[in-house]
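Architecture and fold: a report
The primary structure of each chain is shown beneath.
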Amino acid sequence: MGSAGQRDRPAAAADALMYSYDPNTAWWPSSWWNSAVAVTTMMDYLQRTGSTSQRWIVDRTFEVNKGVFPAGVKSSDPIEGNFASRAIDDTEWWGIAWIQAYDLTHDAKYLSMAQTIGQYVQGYWDTTCGGGVWWNRERTYKNAITNGLYVRLAAALHNRLLADTTWLGRAIAGWNWFSASGMINASGLVNDGIDSGCHNNGGTVWTYNQGLAMGAALELWRATGDPTQLAAARRLADAAITSSSLSPNGILTESCDPANTCDDNQKQFKGIFMRYLLDLLTATGDSGYRGYAQRQADAIWQHDRDPLNRIGQRWAGATPNAGLADAGERARWSARRLNPISPTQRSSLMRSWKIAAVGTRGGGPGHRRRTRPVLRHRPGGHRRPGQQLVRLRAVRDAGRQQPAGRGRRHGRDRSKSVPIGLYSGFRRLHAIVGRHLADLVGHRGWRADQQPFGAKVGMFRSPSAVTAAPNWARTVAARRLPRPRTSRCSKYSLHAIDFDLEEPEYENDAAVNNELGAAQILQRNNSGLYVSVTMPGTTSGAGYFGTLLLDKSKTLGFTPDNFSIMPFDGGFNGATDQINALESFHGLLESHLGWSSATAYAHEGASLMNGRSDTGEFFRQADFQSVLNYATSHGLARFTFWAVNRDRQCSPPDNNGQTSGVCSSVTQNSWDFTKYSATFAGATPPTSGPSSSPTAPPPPTSAPPGGGCSAAAWSATTTYNGGAVVSYGSHQWTAKWWSYGDIPGGPAGVWADNGAC
């Protein structure tokens, strides 16, 4: 695809697909085989693009789903372990998935599982009708999809196993039987199966049957080098893309599309065909296949995509389209994303705002540096349409170190903790988080409830930004007000505000418009207020949604003091990747906003994470120094990191291989990372460290007995949302927010103790 916008389409589609993934059960709740295809699609995307941002789902899906599940949990059939079920083709889809996983990760466990699945499938090959694999355990039907999958899987195993002859022989036998079975008709199209008399049953020509036959011949050609097999793959492809039934007007169409009657299985078929057509394109470089693929992508993007980038059933478009919600449903969907309805769907409501300390670089000798609180906006909390920001309250700092939990960034939860001992005369800043809303508005009443969260030290190059925090910090909570008001910026002496746009709002055009509009109002009505906008970073700077955000800013005529990206949790491997991302983002600022190079650098910022990130990336002191050198030499406006409260060594230093909210999980001295922000700001780095490092208990293999507790026992391998109730150590616990692997009663502070049970 030529343009940058086209290159960003896969990322947007992948994000939309991931939105439907359930990390608790580690699948897409549609059907067993649909999830195998979906995870294969994600892995194909990761391999083709080099992205690693969603790579965690590979192992998660494998480990959670390799066990036994009764009927009705993952499928209408029981899942019998090692991904096997009575539906042989369903099992084969998982074999194909783990071949893809092996290609992506080179982890032998995936290849081993693919072999196990292949052996299971082999048990359903017999000589009825001369050969072939049965579709089901009852041996009632031999069809195209089961045998196309069989040949593809067997050939793929041979191509990945040294000195193999067994799987090669099976693949050749399978293809010879399939190609002679009569299922491929005289037009080169694949009918669904064979009848009891072992003849083509004249069944529906489904696109996925065509695709798997093509993919089977292609993978076998890779194994044998036999040109007749490559020619067979090309004939199958050519027949499909020139067929008046499969490709009317050049757009791939399922037989159930015109009547809008495709079921959840059939809605996936065309994507499977396209995967194997692109595989053939990779092998041949055929410009005709490339042009056909481009037409499909353009048609989908222009005619079959909703505002959340979900792809519909009918690629040529048409109304109604069963694959896309109607306008009312899209509005309700958007509202649900902005307005979760229960604690288990969104963790704590009090997540949207946090306090950060900000500083200015420069001022010269004798320049007086003061501190002020900064409200840091975190979209993602509970809001009804029309609700905006909010009332403010002050919280007296008690000077106590609070435990940290995990908050949300890039779609995953991240630690939050308070209070924070800041440097250079910084007093302790008690950051309390309130509900998500669009604008900073009026004040009414005080709240007694408190929720501990973490803070980020943010360093700005701005004469109006300040570098120390008073003993009082402010928080925000939601109330409905008729219009945005900004008098509280003056009332609470705010000098800087950062709008941290993350999913799901980051992916919603209306929400982004509201957030940027709110920032613009604050900037316009508060002279000298430093306004920054922070967004997720990618290895290419900012993805599809980031470029849309920049375009929206230009359309609004809104120029914040700073655009920052967060170059972590997205396939980053140290400072080199981060600097490359920042340089790419600089190019995006130039191209999308029409800025000169100098102007772009002067409005660019880096928002880092110290130590071990959520996805297991590591950013050590040398990485911070390298990024600081880049930021200083290029005149960047901002250098910040998450989080000061993690700026100390764990015990043990690697925190047993876990990411913590209260320490960095790397070897360090206290304040090592804060010193880089201090240096950037021109402040005096700290000399004394925070309180002693918390000791992380070793990760348990299982929960201690829960006694007579009725709640399910806590598990180290289960993901919990806020509001989840578990038993652990003869106590009952309620999750305060999203949690994975955080021990009840442990240092993360995720779980509220409800008492003995």
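Every chain is numbered on its own, with residues counted from 1 as its sequence reads. In keeping with the model being predicted, local features are shown solely for residues with a pLDDT of at least 70 and side-chain atom pairs are shown and tallied solely at 80 or more, while totals for entire chains, interfaces and linings include all residues. Excluding hydrogens and water, the side-chain figures rest on all heavy atoms present in the structure.

A look at the state of the cysteines
Cysteine sulfur pairs qualify as disulfides if the two atoms are within 2.5 Å. Enumeration according to the criterion identifies four disulfides in this entry. The disulfide that involves Cys129 links it to Cys198, with 1.8 Å between the sulfurs. Here Cys129 and Cys198 share a disulfide; its torsion about the S-S bond, -75°, makes the bridge left-handed. With Cys129 in the loop between helix H6 (108-122) and helix H7 (144-158) and Cys198 in the loop between helix H8 (166-180) and helix H9 (207-224), the pair connects residues that are 69 residues apart, well separated along the chain. Residue class for Cys129 comes out partly exposed when judged on its relative accessible area of 27%. Strands here are runs of E lasting at least two residues and helices are runs of H or I lasting at least four, both read from the DSSP assignment and numbered beginning at the N terminus. For each residue, the accessible area found with a 1.4 Å probe, counting protein chains only, is set against the maximum for its type, and the residue is called buried under 20%, exposed over 50%, and partly exposed in between.

Describing the sheet that holds strand S21 (residues 751-756)
The strands making up a sheet associate through backbone hydrogen bonding, with each pair oriented either parallel or antiparallel. Spatially, three strands are ordered S18-S19-S21 in an open sheet, and the strand pairing comes out antiparallel. The two strands at the open ends of the sheet, each matched to only one other strand, are strand S18 (725-728) and S21. With strand direction ignored, the average angle separating the axes of adjacent strands in the sheet is 30°. Where S18 meets strand S19 (residues 731-735), four bridges bridge the pair, whose relative direction is antiparallel. Each residue of the ladder has a partner; that of Tyr728, found in S19, is His731. In short, DSSP must find at least two bridges between two strands for them to pair. Every axis in this analysis is a line fitted to C-alpha atoms, fitted for helices over the stretch in contact. Angles between the N-to-C directions lie between 0 and 180 degrees.

Section: the confidence of the model for the protein chain
Overall, the prediction assigns the protein chain a mean pLDDT of 75, with 72% of residues at 70 or greater. Within a predicted model, pLDDT stands for the predictor's per-residue confidence, ranging from 0 to 100. Any pair of residues with heavy atoms lying within 4.5 Å of one another is described as a contacting pair. Under a pLDDT of 50 for its full length, residues 325-486 has, in the predicted model, 538 contacts with residues more than four places off or in other chains. Confidence drops under pLDDT 50 across residues 691-706; counting only partners more than four residues distant or on other chains, this segment forms 36 contacts.

Here we look at unusual backbone geometry
Here Trp642 and Ala643 are connected by a cis peptide whose omega angle stands at 5°. Locating Ala643 in the fold gives a position in the loop between strand S16 (638-642) and helix H20 (674-681). A cis geometry characterises the amide bond from Ser651 onward to Pro652, with omega recorded as 5°. Not every positive phi belongs to a glycine, and Cys129 is a case in point at roughly 60°. Despite not being glycine, Cys198 shows a phi value in the positive range, around 70°. Its relative accessible area of 29% is what places Cys198 among the partly exposed residues.

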